[in-house]
Amino acid sequence: MDTPAAVRGQHVQSNGVALAVVTAIFFMWGFLTCLNDILIPHLKAAFALTWVQAMLVQFTFFGAYFLMSLPAGRLVAAVGYKRGIVAGLAIAGVGALLFWPAAQAHVYGLFLGALFVLATGITVLQVAANPYVALLGPEQTSSSRLTLAQSMNALGTTIAPLFGGLLILSAAPRTADELALLPQAEALAYRAAEAQSVQLPYFGLAVALFVLAVAIWMFRLPAIPGVEGAAATGSGRLRDALRHRHLRYGVLAIFFYVGAEVSIGSVLVNFLSMPGIGEGLTEQEATRYVSLYWGGALVGRLLGAALLTRLDPRRMLGVFALIVIALLTVTMLGSGNLAKWSVVSIGLFNSIMFPTIFALAIARLGTLTGQASSLLVMAIVGGAVIPLAMGWLADHHGLQVSFLLPMLCYLFIAFYACRGSRHSH
């Protein structure tokens, strides 16, 4: 007969294995999300888009979070965390497959449709996997645990630019002036070939997503006692969750954080290849610095997971937000290597923000955790709205000036760390 200590040991071991398995999902959605940073300059050249038109990639992708997070929450509540994760992977796989006909038809709208389906799958994954990891152990270490899992997300975002640089931006795209000199038929053929270069990479990603879905389906993930069963019965409403002040501000903090992070990542390739910044960098060479940007988030999350077990998460979040504000100031006002390395360094200090905000926002919510998670994932729509606004600023006032918008977003995050994350009762 097992002793209580032995039972606890098996429980901890089971949770540790489950955490290791679920982190593979964090890797995949980080990879897929960051690949948009390579897709934007590629499609911008292939379809001769303005900045606002190119940012429709992020608007569509992150708009799916807003539209689909509540249905995703109901799906996860009905089927549980494990089946929710499997469903999310399968839906994302279908979205990746749709890139093939979109490229074949050479229609920008079809690319956006495929991205919406892909993002719907990732929305389901976010709703299921984030609270699952946060609840898979003691509350006091939830920030640390979620930050550790998010480090795999950062690994995906670090590798994606290199992958995209090799397979999608393998050759420097022709400029609008160069295309204007070509005969119309030749220019159309060039743009069609550029669009079709995404087919094989996204087909491979679809296969990987389906394989991962099967693997998760066959693995026994432990249930979360007192939360999963209650969520399935539909107890608690969104209105009940929103009565909690720290969640309301947390929703806004996620909105502004994701919007700022995605905005910066979306323009990095073009910003770093500007004459006064990258000193002759091509767009393909600039993807290496995008990888460093996301690699900083990976390093920061690995270090942060350890530090957050000893330091106050609110204080770390506030300090990191203020550092990013300083780096953005240098990015806006500087040039050459100073501006280049200041913007790349932001990734390091972004590292702990999403998991820390998420863990602080769902703390002490009990059976309302599922509803809170849906609201927080819905707030990821910031990744649709803020980049579009930044694209408008870039079109009208220049790319460097447009960094003012993410700076304002980090000011709110600093407020959330200091005041907004405190429990009202």
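Residues numbered from 1 in each chain as written. Predicted model: local features only at pLDDT ≥ 70, side-chain atom pairs only at ≥ 80, totals over all residues. Heavy atoms only, no water.

### Some words on the overall build of the protein
Move 1: Each helix and strand counted, the protein has 20 helices and zero strands in total.
Move 2: Across the 425 residues that make up the protein, the buried fraction comes to 58%.
Move 3: Summarising the internal contacts of the protein: among those between residues at least 6 apart in sequence, 85% fall at separations of at least 24.
Move 4: Of the roughly 16,700 Å² of accessible surface on the protein, 68% is carried by carbon and sulfur atoms. (Helix = DSSP H or I, 4+ residues; strand = E, 2+ residues; numbered from the N terminus. Buried < 20%, exposed > 50% of the residue type's maximum accessible area, 1.4 Å probe, protein only. Contact = heavy atoms within 4.5 Å. Areas by Shrake-Rupley, 256 points an atom, 1.4 Å probe, with all protein chains shown as cover.)

### Topic: the packing of helix α12 (residues 245-272) against helix α16 (residues 336-350)
Two quantities define a packed helix pair, namely the angle between the axes and the distance from one axis to the other.
Move 1: The N-to-C vectors of α12 and α16 enclose an angle of 150 degrees; their axes lie 11 Å apart at closest approach. Helix-helix and strand crossings are classified by hand; for α12 and α16 the assignment is left-handed. Side by side, α12 and α16 meet where Tyr257, Glu261, Ile264, Leu268, Phe271 and Leu272 of the first sit next to Ala339, Lys340, Val343, Val344, Ile346 and Asn350 of the second. (Axes fitted to C-alpha atoms, helices over the stretch in contact; angles between N-to-C directions. Left-handed = near helix turned anticlockwise from the far one by under 90°.)

### So, the packing of aromatic side chains
Move 1: Inspection of the entire model under this criterion finds 20 aromatic pairs.
Move 2: Where Tyr249 meets Phe415, the ring centres are 5.3 Å apart and the plane angle is 80 degrees; that geometry is what we call edge-to-face. Residue Tyr249 is found in helix α12, and its partner Phe415 is found in helix α20 (residues 404-420); the two are separated by 166 residues along the sequence.
Move 3: Connected via pairs of aromatic rings, a cluster forms that spans Phe47, Phe99, Tyr108, Phe111 and Tyr202.
Move 4: Sitting above the plane of the Trp51 ring, Lys44 keeps its charged end 5.1 Å from the centroid. (Phe/Tyr/Trp six-rings, centres within 6.5 Å; stacked < 30°, edge-to-face > 60°. Lys NZ or Arg CZ within 6 Å of the ring centre and 35° of its normal.)

### Considering unusual backbone geometry
Move 1: A positive phi is found at His106, a non-glycine position, where the angle reads about 55 degrees.
Move 2: Its place among the elements puts His106 in the loop between α4 (99-105) and α5 (108-135).

### A look at a nonpolar patch on the surface
Move 1: Together, Val94, Leu97, Leu98, Trp100, Leu200, Phe203, Val207, Phe210 and Val211 make up an exposed nonpolar region whose accessible area comes to about 770 Å².
Move 2: Among the elements of the structure, α3 (56-97) and α9 (199-218) are those that each provide at least two residues to the nonpolar patch.
Move 3: Mapped onto the fold, Trp100 is located in helix α4. (Patch = residues over 30% accessible without salt bridge, like charges linked within 9 Å, V, L, I, M, F, W, Y side chains within 5 Å. Salt bridge = Lys/Arg side-chain N within 4 Å of Asp/Glu carboxyl O.)

Honestly, it's all geometry; don't read function into it.
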